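For reference, the chains in residue letters:
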Amino acid sequence: MPEYIFRIKQLMLETSTSYSLAIMHKDKIYAVRDPYGNRPLCIGKLIKTSGDKECEACDGKDVEGWVVSSESCSFQSIGATYYREVLPGEIVELSKDGAHSVCIVSRPKEIRPAFCIFEYVYFARPDSLLEGQMVYTVRQRCGEQLARESPVEADIVSTVPESATPAALGFSKQSGIPYVEVLIKNRYVGRTFIQPNVKLRQIGVAKKFGALTENFKGKRIVIVDDSIVRGNTMGPIVRLLKNAGAKEVHIRIASPPIKHPCHMGINIPTKEELIANKLTVEKLCSHLGADSVVYLSVNGLVTAVQEGITTKDKEGTKVGHCTACLTGQYPVPLDW
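Now for a look at the structure at hand. Because the structure is a prediction, the values reported are computed rather than measured. Each chain carries its own residue numbering, running from 1 in the written order of its sequence. Reporting of local features is limited, given that this is a predicted model, to residues whose pLDDT is at least 70; pairs of side-chain atoms are given and counted only at 80 or more, and all residues count toward the totals for whole chains, interfaces and linings. Derived side-chain values reflect all non-hydrogen atoms in the structure, with water molecules and hydrogen atoms excluded from consideration.

### Focus on unusual backbone geometry
Thought 1: The amide bond that connects T17 to the next residue, S18, takes the cis arrangement and shows omega of 15 degrees.
Thought 2: Every helix listed is a DSSP run of H or I at least four residues long, and every strand listed is a run of E at least two residues long, numbered separately from the N terminus. Structurally, S18 can be placed in the loop between α1 (3-14) and β1 (20-25).
Thought 3: Residue P161 is joined to E162 through a cis peptide bond whose omega torsion reads 0 degrees.
Thought 4: Considering the arrangement of structural elements, one finds E162 in the loop between β13 (156-159) and α4 (165-175).
Thought 5: Located in the positive-phi region is E110, a residue other than glycine, with phi close to 75 degrees.
Thought 6: Structurally, E110 is set in the loop between β9 (98-104) and β10 (115-116).
Thought 7: Whether a residue is buried, partly exposed or exposed follows from its accessible area with a 1.4 Å probe, protein chains only, as a fraction of its type maximum: under 20%, in between, or over 50%, in that order. Taking the relative accessible area as the measure of exposure, E110 reaches 59% and is therefore exposed.

Have a look at this one:
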């Protein structure tokens, strides 16, 4: 084994999670994913063109270059095409000679991978491929599963734009309740739950949505959202809809309650900030001013995610996901 690859392997043995790396050394790039596969990483290829046509072959002669990204959706914007996912613990060498898997660092025996399940719920773009399946399709399945677990009598199903839209469409399909837009999103306001303090998050919510009043006045609405983290967004939305004439507002969340901080690099710092630890579901419903609140179960989420997985771990069979923010069961022991 070349010395530089040996050094990367030693780093991985010392640091089991959580990272995805692109390392440049001389005329090569190494795509590296931690042994638990906690964060996504995939490889794309730039194909040489002949006139207006791309060469279809995938060997080194026809590949103009290689690219590495956490999400496959980024490849299209630079004219690259998806090649494959980097497997958990894998080191892939990219060079003018092609893409070659040079090493796989194993996990302890019988331990499954721990890919972050929240990538499917919220973080990843809907058109990205993760584990061989499109994120959009997984979110639809989450909505379908949510409708099975928590049926409700209502006139329309809608969404908190935009990451929850596929789940709302899935809920509508499974329940038979028509999907209608009730909120319009201000595209110039960013994600509120990652703002650094409460005041900025609340200001962001106030600017974030407008009501499409004629679509829902006098009707019973099911609002599907992807998650509730700190609870700063949903309350103002319920008030907005009811003040604009909604008869009832039922909240359905296409993921389980988030109760634990993420120690794998995501900004969910303390239990005290998470609303699921402050209020029971009944009290949360009253706090938000909703007529009902129901979350998707952990088993329901895992089922919806794993149903369509086509890529496999290095042993060809193992599939696993990190649900630590939902269950408190972390993929590795914490040292504090």
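### Comments concerning the nonpolar core
Thought 1: Definition used in this section: a nonpolar core is a set of buried Ala, Val, Leu, Ile, Met, Phe, Trp, Tyr and Cys residues joined via side-chain atoms within 4.5 Å. Of all hydrophobic cores here, the largest spans 35 residues; its most connected members are F118, F171, V224, I258 and L301.
Thought 2: When contributions to this core are tallied by element, the ones reaching two or more residues are β10, α2 (118-123), α3 (135-149), α4, β16 (220-225), α8 (298-306) and α9 (324-327).
Thought 3: We call two residues in contact whenever any of their non-hydrogen atoms come within 4.5 Å of each other. Setting aside residues up to four positions removed in sequence, F171 forms contacts with G143, E144, L146, A147, S150, V152, V157, V222, V224 and R252.
Thought 4: Counting 25 residues, the second-largest nonpolar core is a separate cluster that includes V249, C285, L288 and Y295.

### Some words on the sheet that holds β16
Thought 1: For two strands to be treated as a pair, DSSP must find at least two bridges joining them. Read across the open sheet, the four strands follow the order β13-β16-β17-β18; overall the sheet is parallel. With one partner strand each, in any of the chains shown, β13 and β18 (292-295) form the two edges of the open sheet. Geometrically, the sheet is characterised by an average inter-axis angle of 25 degrees between neighbouring strands, direction not taken into account.
Thought 2: Where strand β17 (residues 248-253) and β18 come together, four bridges link them in parallel fashion. Counterpart to H250 in the pairing with β18 is S292.
Thought 3: Note on geometry: axes are C-alpha line fits, over the in-contact stretch for helices, and angles between N-to-C directions span 0 to 180 degrees. Helix-sheet contacts for α4 involve β13, β16 and β17, and the interaxial angle to β13 is about 165 degrees.
Thought 4: Across the face of the sheet, helix α6 (residues 234-243) comes into contact with β16 and β17 while running at roughly 150 degrees to β17.

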